[in-house]
Amino acid sequence: MAITGILASAGCSAAEETPRAAAPKPFAVSDQVSRTMDTLKTMPSVASALRFLEQDHQNTITEQIALSEIPSPPFKEDRRAADYQRRLTELGLENVRRDATGNVYGVRRGTGGGPTLFVSAHLDTVFPEGTDVKVTQRDGKLYGPGIADDANGLSAVLSVVRALRDSGIQTKGDIIFGGTVGEEGLGDLRGVKAFFAENPDVDGFITIEPGDVKKVVYQATGSRRYKFSFTGPGGHSFGDFGRPSAIGAMGRAIARIDELRPPAQPKTTFTVGVVDGGTSVNAISGTASMQVDMRSNGPAELDGLERQLVPMAQAGADDENARWNAAAGKGITVKKELIGDRPAGDQPAQSPIVEASFAASTALGLAASLGEASSTDANLPINKGIPAVRLGGGGDDGNTHSFTDPEWFDPKDSHLGPQRVFLTALALTGAPGLDPLLPQHRP
Ligand SMILES: [Zn+2]
């Protein structure tokens, strides 16, 4: 029997801009995936592993706190990575290593002939060096920078490994478990990029991020970020009047950019997020710079927006130079710098990895749904055509990435996160008597 559920809106803010049909579209899981999940549920070893995961809850929370209290600022994940490497090693994974980029991972071998799945969470946080990362507890909730994002995911990965070890269940395919660096902001997915460059045979990917255990996120919002620097002769506001201004050129560029009309579907957006420039109120500015963020759920739309937007910086300078009749070599010049590149991507919702994740939620008695696109480590494989999903680590959370309000995590029922990942991973890599759902892309 097919499992059905509700297809959530493809993006909450997109829905605000473009009213969508009120009736949600039902999502049905294929018979093969339903059968696989039904079989898994009836296996005594699986039932006992699910009970183990529930009983492992307190261990998982203890590890989540311990990991969260090891600072892991952008580009400085070393300490947490070393600790995570030790934990993965102690859990008996094979070949646990730290690669040249800083990712840590090890493998749990299958019986052979199955696909390889990578299950990970990210080691980095958005919080800079020096941030107080002490975790406090109040009214059943945990507070601390990064306690949810992504100490929740990191501890969920460990709990899943423990359950596999405890149950002794043999998968057909190999499962690689680990933590990646550089997921956040200017980290620019450098960890997951390096992982897939070095492990091109990996067939599927699950990233565990804080979030609920009902949604399956399978679409990737890509982003491209530029810094444009405008430079000119500068001068005194009175004495040198008539020279072009770097701020003037940038203002003209921003006015052009602001007139862009990107498509509503797939959702495509832009913003000039940061501007800087000038030295004094009575000076013609000789320098100015802006940072621009472009995002889209569609790779072609992101490329299209970039093709339109990037030349606008130079056009702003050209306009400014023409307005002031700047002589050759005396005008405003523009330098562009790519400061972020997170690929966009999509995959069919009716694919084994999405359906297996969905069916796993249903199997746990949860009202599964397809979630809105997001920007995580999963972007990279999705863009490359490798099946990947983002699954929630369980519990509830808030104020993630906030520098003003404390990030919090509510551990109530958070064992459901590892339970769902466990079921999904088994369905994808195959258990005794069960063929793996995840296709192998190598011969
Ligand atoms: Zn995260």
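All values derive from a computational prediction rather than experimental measurement.

Student: Got a minute to help me understand the sheet that holds strand β6 (residues 136–138) in this structure?
Tutor: Whether parallel or antiparallel, the strands of a sheet pair through hydrogen bonds between backbone atoms. Across the sheet, which stays open at both edges, the 4 strands sit in the order β6-β7-β20-β19 with antiparallel pairing between neighbours. Bordering the open sheet on either side are β6 and β19 (396–398), each of which pairs with just one other strand. Averaged over all pairs of adjacent strands, the angle between strand axes in this sheet comes to 25°, irrespective of strand direction. Relative to strand β20 (residues 408–410), β19 runs antiparallel, the two being bridged by 3 bridges. Opposite aspartate 396, over in β20, you have aspartate 410 as the bridge partner.

Student: Explain the packing of helix α2 (residues 31–42) against helix α12 (residues 416–429) to me, please; I cannot follow it from the model alone.
Tutor: Axis angle and axis distance: for two packed helices, these are the angle between their axes and the distance between the axes, and together they describe the pair. Their axes nearest at 10 Å, the elements α2 and α12 cross at an angle of 120°. Both α2 and α12 take part in a crossing whose hand is right-handed. In this structure, α2 contributes Thr36, Met37 and Leu40 to the contact, and α12 contributes Leu423, Leu426 and Ala427.

Student: Explanation requested: the nonpolar core in the structure shown.
Tutor: In a soluble, globular protein the nonpolar side chains are often hidden away together inside. Ranked by internal contacts, the top residues of the largest apolar core, which has 61 residues, are Leu40, Val46, Tyr84, Val119, Phe177 and Phe422. In terms of residue count, the dominant contributor to this core is helix α6 (residues 151–167) (8 residues). Apart from the residues within four sequence positions on either side, tyrosine 84 is in contact with Leu67, Val104, Leu123, Leu154, Val157, Leu158, Gly178 and Gly179. Core analysis: the second largest hydrophobic core is formed by 21 residues, Ile257, Met290, Val310 and Ile332 among them.

Student: What is the right way to look at the packing of helix α3 (residues 44–55) against α12 in this model?
Tutor: At their nearest, the axes of α3 and α12 sit 9 Å apart, and the two run at 150° to each other. As judged from the angle between their axes, α3 and α12 are roughly antiparallel. Crossing geometry of α3 relative to α12 is assigned as right-handed. Contacts between α3 and α12 involve Val46, Ala49, Leu50, Leu53 and Glu54 on the former and, on the latter, Pro418, Gln419, Phe422, Leu423 and Leu426. A breakdown of the residues in the contact of α3 with α12 according to their chemical character gives 8 nonpolar, 1 polar and 1 charged.

Student: Help me out: how do you make sense of the sheet that holds strand β11 (residues 222–231) in this one?
Tutor: Overall, antiparallel pairing links the 4 strands, which are arranged β13-β15-β11-β16 in an open sheet. With one partner strand each, in any of the chains shown, β13 (268–277) and β16 (333–342) form the two edges of the open sheet. Shown here is a sheet whose adjacent strand axes are inclined to one another by a mean of 15°, direction ignored. Here 9 bridges tie β13 to strand β15 (residues 287–296), and the two strands are oriented antiparallel to one another. Residue glycine 277 lies in a different strand from β15, and its bridge partner there is alanine 288. Most of the contacts of helix α8 (residues 246–258) go to β15, to which it runs at about 15°, and overall it touches β11, β13 and β15.

Student: How should I be thinking about the coordination of the zinc ion in this particular structure?
Tutor: Each protein donor to the zinc ion is listed here as His122 (NE2), Asp149 (OD) and Glu209 (OE); together their distances run 2.0 to 2.1 Å. Within one chain, the residues donating to the zinc ion are spaced in sequence as H-x26-D-x59-E. Of the two residues, aspartate 149 is situated in the loop between β7 (141–143) and α6 and glutamate 209 in strand β9 (residues 204–209); the sequence distance between them amounts to 60 residues. Note on glutamate 209: relative accessible area 4%, which makes it buried.

About the thresholds
Residues numbered from 1 in each chain as written. Predicted model: local features only at pLDDT ≥ 70, side-chain atom pairs only at ≥ 80, totals over all residues. Heavy atoms only, no water. Pairing = 2+ DSSP bridges. Helix = DSSP H or I, 4+ residues; strand = E, 2+ residues; numbered from the N terminus. Axes fitted to C-alpha atoms, helices over the stretch in contact; angles between N-to-C directions. Left-handed = near helix turned anticlockwise from the far one by under 90°. Contact = heavy atoms within 4.5 Å. Core = buried A, V, L, I, M, F, W, Y, C linked by side-chain atoms within 4.5 Å. Buried < 20%, exposed > 50% of the residue type's maximum accessible area, 1.4 Å probe, protein only. Parallel < 35°, antiparallel > 145°, perpendicular 65-115°, else oblique. Nonpolar A, V, L, I, M, F, W, Y, C, P; charged D, E, K, R; others polar. Donors = N, O, S within 2.8 Å, 3.2 Å for Na, K, Ca; no water.

Remember, this is a structural readout, not a statement about activity or role.
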